[in-house]
Amino acid sequence: MTNTQYIGKSVDRPDGRKKVLGQATYAGEFTQENMVYGYIVQSEIANGKIVKIDMKQAEKVEGVLRVFTHENIPQYLKINVDYSDPLAPPGNPFRPLYNDNILYNGQPVALVVAEDFETARFAAGLVQVEYKAEKFSVDIRENLGKATHKDVDDSPKNRGDAEGAFAKAPHTISAEYYQPRHFHNPMEPHATIAIWNDKNASFKIYDKIQGVRSSQAYIRGVFSLEKEKVAISCPFVGGGFGAGLRPQYQLFMAALASKVLKRPAKVTLTRRQMFSFGHRPANLQRIKLGAEENGKLTAIQHESFGETSTFEKFSEMVVNFTGVIYDCDNVDTDYQLIPVNVYTPMDTRAPGGATGMFGLESAMDELAYKIGIDPLEMRLRNYADRDQNADKPFSSKELRACYQQAADSFGWKEKYTLQPRQKKDGHALVGYGMATGIWEAMQQKASAQAILQSDGKLIVSSGTADNGAGTYAIMTQIAAETVGVSIEKTEFRLGDTDLPKAPIQGGSWTASSVGSAVRMVGKAMQIKIYDLACKTYPVKTSNTTLSDSKFENNQLVLKNGTTIDFTELLTTAGEDQLKVLHNAKPEESRSDYSCYAHACVMVEVNVDEDLGMITIPKIVITVAGGKILNPKTARSQILGGIVWGIGAALEEDGMIDPNYGRIMNANLAEYHVPVHADVQDMEVIFVEEEDKIVNPIGAKGLGEIGIVGVAAAIANAVFNATGRRVRELPITLDKVLDLD
């Protein structure tokens, strides 16, 4: 008898074997006959105009088919077209090859299309572009006077009199915190294969994207096509972290080349070009905290200045968690945008949260030290039992348990000393730090379809994505257990616009949104199976009800002890398959509560006293994320977040040359991210948390919560080790050494 209880179990990824063996086909790997290849030429100035483009030498190269520029793309791409996408912020979306205006360094200015990639790349180097450069700026700290509230999304909520309370507080701190640009750098570069069918005027496109309907909407708007004329497929995503939330310019380029040349066209971005669109924006925070003698917060003032482009107003939730995480009656938050000559920033793992909590949690540590209170105790004294921002209770909150279990596992009470520079290990100063993590537990509308075949196979589908989070695995688990089919006979399909509608994979809402849809379509399938059984076997099913029946081991188990095999049922009934579609949305009762996932991060750092080199021998993170659907994939999610948090704290810095506006370290050799030697002992503990409000499966997303608070905990540990408070990321050795 097969065990069909899977939810909450550590199940292997169904797609894992394909990925390990190289059998998973990514967007740029689909083969097409007669395919052409494009290579993109980028601008060398940050602001100004194109004066002249000389393509003669490039066009002479054997195998070059066309060089596209703003001067020769079809006019229909410039009249009454919509270049926006579902996640486009306020402003004017970027339009590739649209006119002679240069908005940022690295902007695509030409597309060379040839019979093979190597020829296209070679010819691209022969395209000569003459510019008229104009004044530009890429540093928000030089442009604070241009900060604006206009078009800021999701305005912060304030309460009380923070300024007055701060003035009266016996203990205060006031500090600035800065975070540079961070780039997504997924392993899979952005790639598109576009196939234009001239006979029926339609596109079939393979695109690297975290939500196929996003690319579909974009292509429809740009090429003025009906929905059924644009099919997008993306069965596998080699990492995204937000880079694939919005369609990128290679999608337009491939579609353009295919439609004009009437051949399949492939455009893949190089690693350097992966730095030419979207990033976590540079951010400056000013924070003031006031507290009583016992550490109780009386005032929080949190001001944020975020980077955006000159053509779109991108905003994120930098200050939104400030009024939620701690109990305080006087909170004043403010968020402003500063336009500079860069591409529009994009959501990047835990957008706003990773940034804002670095500032707030660093400030909390500073205040605790100033008052003379253990930073863990400081947070417990300011624990929020209710969301004061929304004036609502939490659907569930096990943050106290997070604090306690982290402290127990880490040995916080035994290790931590309030005064810095108290512990050494050879040449290394040893320090300890902690921080709180929070992320909103959201649910979006989603649909799912289930098909039970007469051979006993269950196929469930939804047009979501899997960028490494384990979507294939957890959806298979939910579907298999709900319908009672073995996981070996269950298949989950995703990544295609032909499948039921689902939101983009972002915001940590896929498990709750698509998972709820899969759960509910499974319940609907139960009804379908039971009704068919009653019709087919009226005697066996008499005096039974659906509510007292079970669905397990590929069988319907009735209260009277009768078991009906699914395959036997459909065969006897003469049905090839049973099909059900379900549309799920958040329950109305959910709006009466605030739904969040919480975490506690504790870190040990070693700082070489002579060289300033920082290592992290131990990190413990405890997470309250509702129902953990698959501990194995869930742990991987949190580990990934921790690693990125290490990178944010110690390494990542998207450096732009102020003289040219060009990203100087647009490669993985000089844009540093953590490697194996940087990552040592990481312990992930999931705190038991039951939530009957958040969604039908009780799960909260885990994609973001793993990074929130990590950078702050590391910075706080560095202070505890060295006595040097670093408020500007990354924490490089020059910032911890006393070089005066």
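Residues numbered from 1 in each chain as written. Predicted model: local features only at pLDDT ≥ 70, side-chain atom pairs only at ≥ 80, totals over all residues. Heavy atoms only, no water.

(A) Expanded view of the pairing of strand β12 (residues 283-291). Burial runs high along β12: seven of the nine residues are buried. With nine bridges joining them, strand β7 (residues 171-179) and β12 adopt antiparallel strand pairing. In the sheet register, histidine 171 faces β12, and the bridge partner there is alanine 291. Where β12 lies against strand β13 (residues 297-308), nine bridges are found, and the strand directions are antiparallel. Each bridged residue has a counterpart across the sheet, and for leucine 289 the counterpart in β13 is isoleucine 300. (Buried < 20%, exposed > 50% of the residue type's maximum accessible area, 1.4 Å probe, protein only. Helix = DSSP H or I, 4+ residues; strand = E, 2+ residues; numbered from the N terminus. Pairing = 2+ DSSP bridges.)

(B) Just the side chain of aspartate 466, in detail. Residue position: aspartate 466 is located in the loop between β20 (458-461) and α12 (471-483). As a buried residue without a salt bridge, aspartate 466 has its nearest oppositely charged side chain in arginine 13, at a separation of 4.8 Å. In terms of polar contacts, aspartate 466 uses its side chain to reach the backbone amide nitrogen of alanine 469, at 3.2 Å. Here tyrosine 472 takes part through its backbone nitrogen, which lies 3.0 Å from a polar atom of the side chain of aspartate 466. Discounting residues that sit within four places of it in the chain, aspartate 466 has contacts with Asp15, Val237, Thr471, Tyr472, Leu494 and Gln505. (Lys, Arg positive; Asp, Glu negative; His and termini not counted. Salt bridge = Lys/Arg side-chain N within 4 Å of Asp/Glu carboxyl O. Polar contact = N/O pair within 3.5 Å; in protein donor to acceptor, adjacent residues only side chain to side chain. Contact = heavy atoms within 4.5 Å.)

(C) How the structure looks around the sheet that holds strand β19 (residues 446-453). Within the open sheet, the four strands sit side by side as β21-β20-β19-β25. Their pairing is mixed. On the outer flanks of this sheet lie β21 (490-493) and β25 (577-584), each paired with one strand and no other. Shown here is a sheet whose adjacent strand axes are inclined to one another by a mean of 15°, direction ignored. Relative to β20, β19 runs antiparallel, the two being bridged by four bridges. Bridged to glutamine 449 within β20 is serine 461. Against the sheet, α12 makes contact with β20 and β21, and its axis sits at roughly 135° relative to β21, the strand it touches most. (Axes fitted to C-alpha atoms, helices over the stretch in contact; angles between N-to-C directions.)

(D) Summary view of unusual backbone geometry. In the segment running from leucine 729 into proline 730, the intervening peptide bond is cis, with an omega of -5°. Its location among the elements puts proline 730 in the loop between α16 (710-722) and α17 (733-736). Although it is not a glycine, asparagine 34 adopts a positive phi angle of roughly 65°.

(E) A look at the packing of helix α13 (residues 510-536) against helix α14 (residues 566-573). Two elements in contact, α13 and α14, have axes whose closest approach is 10 Å; the angle formed by their N-to-C orientations is 55°. Considering their axes alone, α13 and α14 lie oblique with respect to each other. When you trace α13 past α14, the crossing you get is left-handed. Contacts from Ile529, Leu532, Ala533 and Thr536 in α13 reach Phe566, Leu569, Leu570, Thr572 and Ala573 in α14. Taken together, the residues of the contact of α13 with α14 sort by class into seven nonpolar, two polar and no charged. (Parallel < 35°, antiparallel > 145°, perpendicular 65-115°, else oblique. Left-handed = near helix turned anticlockwise from the far one by under 90°. Nonpolar A, V, L, I, M, F, W, Y, C, P; charged D, E, K, R; others polar.)

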